[in-house]
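Residue-level structural notes
Here are the chains, one letter per residue:
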Amino acid sequence: MTAPTAYPHLLAPLDLGFTTLKNRVVMGSMHTGLEDGRKHFPRMAAFYAERARGGVGLMVTGGFAPNIEGWAKPFAGTLATSGAARRHKLVTEAVHAEGGKIALQILHTGRYGYQPLCVAPSRIQSPISPFTPRELSVRGIERQIAAFVRCAKLAREAGYDGVEVMGSEGYFINQFLVTHTNKRDDEWGGSYANRMRLAVEIVRRVREAVGPDFILIYRISLIDLIPDGSSWPEVLELARAVSAAGATILNTGIGWHEARVPTIATSVPRAAFTWVTRKLRDALRSEGINTPVITSNRINMPEVGEEVLARGDADMVSLARPFLADAEFVNKALQGRADEINTCIACNQACLDHTFANKLCSCLVNPRACHETELVIRIAPARKRIAVVGAGPAGLAAATTLAERGHTVSLFDSAEHIGGQFNMAKRVPGKEEFDETLRYFSRRIEVTGVKLHLGQRVSAEQLVAHKFDDVILATGVTPRDPKIPGQDHPQVLSYIDVLLHKKPVGRKVAIVGAGGIGFDMAEYLAHGTDLGYHSPSVDLAAWLREWGVVDPESTRGGVVRGQPEPAAREVLLLQRKPGKHGSTLGKTTGWIHRAALKMKNVELLSGVNYERIGSVDESLRAPTEAPGRIGLFVTYGEGRKDGQVLAVDTIVLCAGQEPLRELQAPLLAAGIKVHLIGGAHEAGELDAKRAINQGTRLAAAL
Ligand code: FAD
Ligand code: NAP
Ligand code: SF4
């Protein structure tokens, strides 16, 4: 076994005195939705058991409220009675049977509660909930502390190895810490000693109640990323105090939920915030405080975690979404199979976006996440010969799942590389992670024994001649033709011309269509990725500057006005529908894309009618000072008013997509069993989440 030497820091055990964690990897708390219903407990047990089997050192559950005032939403998962604790035994016993350890997160959301019973230090509504919290009386505060203590005792009764007290991300405890949300003038507000009293009392009394041999993690906000956030001396004072009050481990939180700085999206550089944990750890160590410190945010591969720990930034790393993407993350690292890890690409599309839509969480690259009991990949009862046409996300998921089940699979693609549209997505600044999915599938093709045929545009005759038992068409999409008169002009390009064939684009560009691809195109061109400007997502200093993240020692909350690089070119992003751009983008990432375009002064035009395209001349009544430019003649609204010529160097068409399924009819005519997945099945609202899910589910059933 060579792997342990590849990640010696990551895989080293951690002795906590009364118990030992087998490695330095924590699966951080994630709200999956499984917490919020009794009926989900068997699924939740299967979910955590699979991850325990995968070798992770310690897991933290999604948040459970200690009482109804702490609910994230009405009837959110709560641990407040012995009856509830008994139900949790299903989870703890399943985890322990796999040799794992698990702590329950106690989450009181305070004013972030999306429910009318929410409470807070002061009656100040948060920007992310429509409910104004009730200001707690002193007795009310005591009741909240007692609820934390009861919840921790019940967690112990339920068999958990510990609890995590959620003190960061702008939740209840965090709301007491800063004057932004705490305007009290009693012993729970005013001076910092008063504001941090709640955190310290909760830790002290929980420790008293659970005894010394129970893991107590306190999640501390290191950099609030909001104006009037905690100062660095305050963070240190709190860290000292909760350590002294009985915290076994300090986990670190980055940014309040209401912060306008992205903290976990794919455009955030890997391990972007571990330097802040390092500051804390160094300060504590210099005072002889040895409480282990966990760092987190955008650590998604073992080598990243190893580097962070080897540098001394932290004692442990917390990865959350990477465990949705791959339950076996740690075992694969341990066994020298890190190249087989299904990497979390930080898209949020099937996890956080689902949570915000009140749907069960899953994972774009691993549709089995949170569906372990229902989407089971079994060895096929009879071995079939199956052709998969198209090696985009849908075809890759189908082919490798089929081969894993024992079928003989031939995978064809007309391109020279696997990946389909992901080969374009990965070129967009901030989407570099998409390349990891292609690395994962390349390796999985090798491991499962799929026969890969690249550079082969297969015809129906070829497929019929090979007498496959089943043919899966995963041929994807073709760009929609927007039928704008004059669009055959050489200065009009498609997104494929720009992203894949790298055709040159001028200094002023109009993008037709503001869907997901139009937004990506605007970022790509405004950043000047094609001109050689590197993405801030792979340059931490540039990214921090762009979003205004600074050392929290220099500024309260660690955030100032951002200083983005100037745009590489002038970009206009056009859509036909009236109103705001980006309404179809992800709930948790749309605002980031909009902010990124604003930083680059991208001009957003809506309600546009595309009348015609032509050379900039008299007939288009365009400005004469722009020789060589092409004119896009537009009008606005239903009345086709305010005619205007947009004189630009290049027009890029991103007007959506249509399914490509030319092989279906001839195959059906030849009596072949044909299945359509991904874009070939339906192009409207297609994304990789649907493509991979459909491919995996079909393959699990064939
Ligand atoms: P495709 O990826 O289109 O793959 C189809 C494959 O079939 C191609 O490789 C093609 O060469 C091959 N093929 C077609 N006909 C034949 C034939 N006759 N013989 C052999 N091979 C053939 N989705 C997201 O979820 N999140 C994102 O952030 C995101 N960003 C994107 C950014 C960009 C710039 C682009 C272009 C797309 C993005 N997408 C994103 C969309 C996502 O990539 C697609 O939804 C997904 O790729 C669809 O998968 P698919 O397998 O159905 O089809
Ligand atoms: P899309 O999101 O459906 O957007 C197509 C755009 O073209 C829309 O702005 C649409 O709005 C416009 N349009 C439609 N018909 C048109 C016509 N006849 N003439 C001119 N404009 C027209 O599709 P996409 O941008 O091609 O993206 C493809 C898929 O990839 C999407 O479904 C998306 O989910 C996925 N994707 C996702 C992400 C992500 O970050 N999650 C990123 C990229 C791609 P108007 O009609 O208002 O102009
Ligand atoms: Fe990661 Fe995207 Fe999966 Fe969420 S959905 S776990 S962000 S890959």
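Our subject is the structure that appears above.
The paragraphs below set out a description of the structure included in this document. As the structure is a prediction and not an experimental result, all values here were calculated from the model.

1. A few points about the site of ligand 1
In the vicinity of ligand 1, 36 residues are found, and the nearest of them are Gln 349, Asp 413, Lys 431, Gly 679 and Ala 688. Gln 421 places a main-chain nitrogen or oxygen 2.9 Å from an oxygen atom of ligand 1. Residue assignment for the shell around ligand 1 shows that the elements contributing at least two residues are helix H14 (393-404), strand E14 (408-413), helix H15 (422-425), helix H19 (516-527) and helix H23 (688-701). Classifying every residue of the shell around ligand 1 by side-chain character gives 19 nonpolar, eleven polar and six charged.

2. Considerations on unusual backbone geometry
A positive phi angle is found at Ala 346, which is not glycine, with a value near 60 degrees. Among the residues examined, Ala 346 registers a relative accessible area of 1% and is labelled buried. Positive phi is not limited to glycine here, since Arg 640 has a value of about 50 degrees.

3. What about the site of ligand 3?
All residues in the neighbourhood of ligand 3 are listed as Arg 321, Leu 324, Cys 344, Ile 345, Ala 346, Cys 347, Asn 348, Ala 350, Cys 351, Cys 363 and Leu 364. Among the cavities detected, the one that contains ligand 3 is the largest cavity. A class-by-class count of the residues in the shell around ligand 3 yields nine nonpolar, one polar and one charged.

4. Focus: the sheet that holds strand E20 (residues 570-574)
Pairing is parallel across the open sheet formed by five strands, whose spatial order is E18-E25-E19-E20-E21. Each of the sheet's edge strands pairs with one partner strand only, and the pair in question is strand E18 (492-494) and strand E21 (603-605). Each strand axis lies, on average, 25 degrees off the axis of its neighbour in the sheet, ignoring direction. Bridging between E20 and E21 involves three bridges; their strand directions are parallel.

5. Structural notes on the nonpolar core
Counting 155 residues, the largest nonpolar core has Tyr 218 and Leu 238 as the members making the most contacts within it. In this view, Leu 238 contacts Leu 177, Tyr 192, Met 196, Ala 199, Val 200, Tyr 218 and Ile 220; residues no more than four positions away in its chain are not counted. Counting 22 residues, the second largest nonpolar core, distinct from the first, contains Val 509, Val 571, Leu 573 and Leu 597.

6. Focus: the sheet that holds strand E16 (residues 470-473)
Across the sheet, five strands lie side by side as E15-E14-E13-E16-E27; this open sheet has parallel pairing. The open sheet has two free edges, formed respectively by strand E15 (451-454) and strand E27 (673-676), since each of these has just one partner strand. Between one strand axis and the next, the sheet turns through 20 degrees on average, direction left out of account. As paired elements, E16 and E27 share four bridges and run parallel to each other. Opposite Ile 472, over in E27, you have His 675 as the bridge partner. Contacting strand E13 (385-389), E14 and E16, H14 runs over the sheet at an angle of about 160 degrees to E14.

7. Comments concerning empty space enclosed by the protein
Here the structure, examined in full by the defined rule, presents three cavities of 30 Å³ or more. In this structure, the largest cavity spans a volume of roughly 80 Å³. Every residue along the wall of the largest cavity is listed here: Arg 321, Leu 324, Cys 344, Ile 345, Ala 346, Cys 347, Asn 348, Ala 350, Cys 351, Cys 363, Leu 364 and Val 365. Class assignment of the residues belonging to the lining of the largest cavity gives a composition of ten nonpolar, one polar and one charged. Approximately 50 Å³ is the volume attributed to the second largest cavity. Every residue lining the second largest cavity is listed: His 31, Gly 63, Phe 64, Ala 65, Gly 70, Trp 71, Ala 72, Ala 76, Gly 77 and Leu 107. Split into classes, the residues belonging to the lining of the second largest cavity amount to six nonpolar, four polar and no charged.

8. Topic: the packing of helix H4 (residues 138-157) against helix H7 (residues 197-210)
Close contact between H4 and H7 brings their axes to 9 Å; oriented N to C, the two are set at 35 degrees. Handedness of the H4/H7 crossing: right-handed. For the pair H4 and H7, contact is made by Ile 141, Glu 142, Ile 145, Phe 148, Val 149, Ala 152, Lys 153 and Arg 156 and by Leu 198, Glu 201, Ile 202, Arg 205, Val 206, Ala 209 and Val 210, respectively. The class makeup of the residues in the contact of H4 with H7 is ten nonpolar, no polar and five charged.

9. With respect to the pattern of salt bridges
Applying the stated criterion to the full structure yields 46 salt bridges. Of the charged contacts in the structure, one is a salt bridge between Asp 282 and Arg 278, with a shortest N-O distance of 3.0 Å. A residue pair is termed a helical-turn pair when its members lie 3 or 4 positions apart in one helix, as Asp 282 and Arg 278 do in helix H9 (residues 274-286) at four residues. With relative accessibility at 38%, the residue Asp 282 sits in the partly exposed group. A relative accessible area of 29% means that Arg 278 is categorised as partly exposed. Salt-bridge contacts for Arg 311 lead to Asp 313; the nearest nitrogen and oxygen are separated by 2.8 Å.

10. A closer look at the packing of aromatic side chains
Under the criterion given, the structure shown has eleven aromatic pairs. With 5.0 Å between their ring centres and 75 degrees between their planes, Phe 47 and Tyr 48 make a pair best called edge-to-face. Judged by relative accessible area, Phe 47 falls into the buried class, the value being 1%. For Tyr 48, a relative accessible area of 1% puts it in the buried group. With a centroid separation of 5.3 Å and an interplanar angle of 50 degrees, the aromatic rings of Trp 71 and Phe 75 are classed as tilted. Residue class for Trp 71 comes out buried when judged on its relative accessible area of 12%. Above the plane of the ring of Trp 591 lies Arg 260, whose end atom (NZ or CZ) is 4.2 Å from the centre. Taking the ring centre of Trp 232 as reference, the NZ or CZ of Lys 279 above it sits at 5.3 Å.

11. Description of H7
The terminal C-alpha atoms of H7 lie 20 Å apart, and with 14 residues this matches the ideal 20 Å at 1.5 Å per residue to within 8%. Considered for burial, the residues of H7 that qualify are Leu 198, Ala 199, Val 200, Glu 201, Ile 202, Val 203, Val 206, Arg 207 and Val 210. Buried residues along H7 sit against H4, strand E8 (162-167), helix H5 (172-177), helix H6 (192-195), strand E9 (215-223) and helix H8 (232-245).

12. Let's talk about the packing of H14 against helix H16 (residues 434-448)
Relative to each other, H14 and H16 sit at 25 degrees, their axes nearing to 9 Å. The angle between H14 and H16 falls in the class roughly parallel. Of the two possible hands of crossing, H14 and H16 adopt the one that is left-handed. Listed contacts from H16 to Leu 396, Ala 397, Thr 400, Thr 401, Ala 403 and Glu 404 of H14 are Phe 441, Arg 444, Ile 445 and Thr 448.

13. Describing the pairing of E9
Counting buried positions along E9 gives nine out of nine residues, so the element sits mostly inside the fold. With six bridges connecting them, E8 and E9 associate as parallel partners. Looking at the pairing, Gly 162 lines up with Ile 215 of E9. Here six bridges tie E9 to strand E10 (residues 249-254), and the two strands are oriented parallel to one another. Opposite Ile 223, over in E10, you have Ile 254 as the bridge partner. With H8 bridging E9 and the parallel E10, this β-α-β connection has right-handed handedness.

What counts and how
Residues numbered from 1 in each chain as written. Chains lettered and ligands numbered in written order. Predicted model: local features only at pLDDT ≥ 70, side-chain atom pairs only at ≥ 80, totals over all residues. Heavy atoms only, no water. Near = heavy atom within 4 Å. Polar contact = N/O pair within 3.5 Å; in protein donor to acceptor, adjacent residues only side chain to side chain. Helix = DSSP H or I, 4+ residues; strand = E, 2+ residues; numbered from the N terminus. Nonpolar A, V, L, I, M, F, W, Y, C, P; charged D, E, K, R; others polar. Buried < 20%, exposed > 50% of the residue type's maximum accessible area, 1.4 Å probe, protein only. 1 Å grid on protein atoms, 1.4 Å probe; cavity = no way out; pocket = protein on both sides within 12 Å on 5 of 7 lines; lining within 4 Å. Sits in = over half its atoms within 2 Å of the grid points. Pairing = 2+ DSSP bridges. Axes fitted to C-alpha atoms, helices over the stretch in contact; angles between N-to-C directions. Core = buried A, V, L, I, M, F, W, Y, C linked by side-chain atoms within 4.5 Å. Contact = heavy atoms within 4.5 Å. Points joined across faces, edges and corners; volume = space filled by probe spheres on them. Left-handed = near helix turned anticlockwise from the far one by under 90°. Salt bridge = Lys/Arg side-chain N within 4 Å of Asp/Glu carboxyl O. Phe/Tyr/Trp six-rings, centres within 6.5 Å; stacked < 30°, edge-to-face > 60°. Lys NZ or Arg CZ within 6 Å of the ring centre and 35° of its normal. Expected span 1.5 Å × (residues − 1). Parallel < 35°, antiparallel > 145°, perpendicular 65-115°, else oblique. Right-handed = clockwise from strand over helix to strand, strands pointing away.

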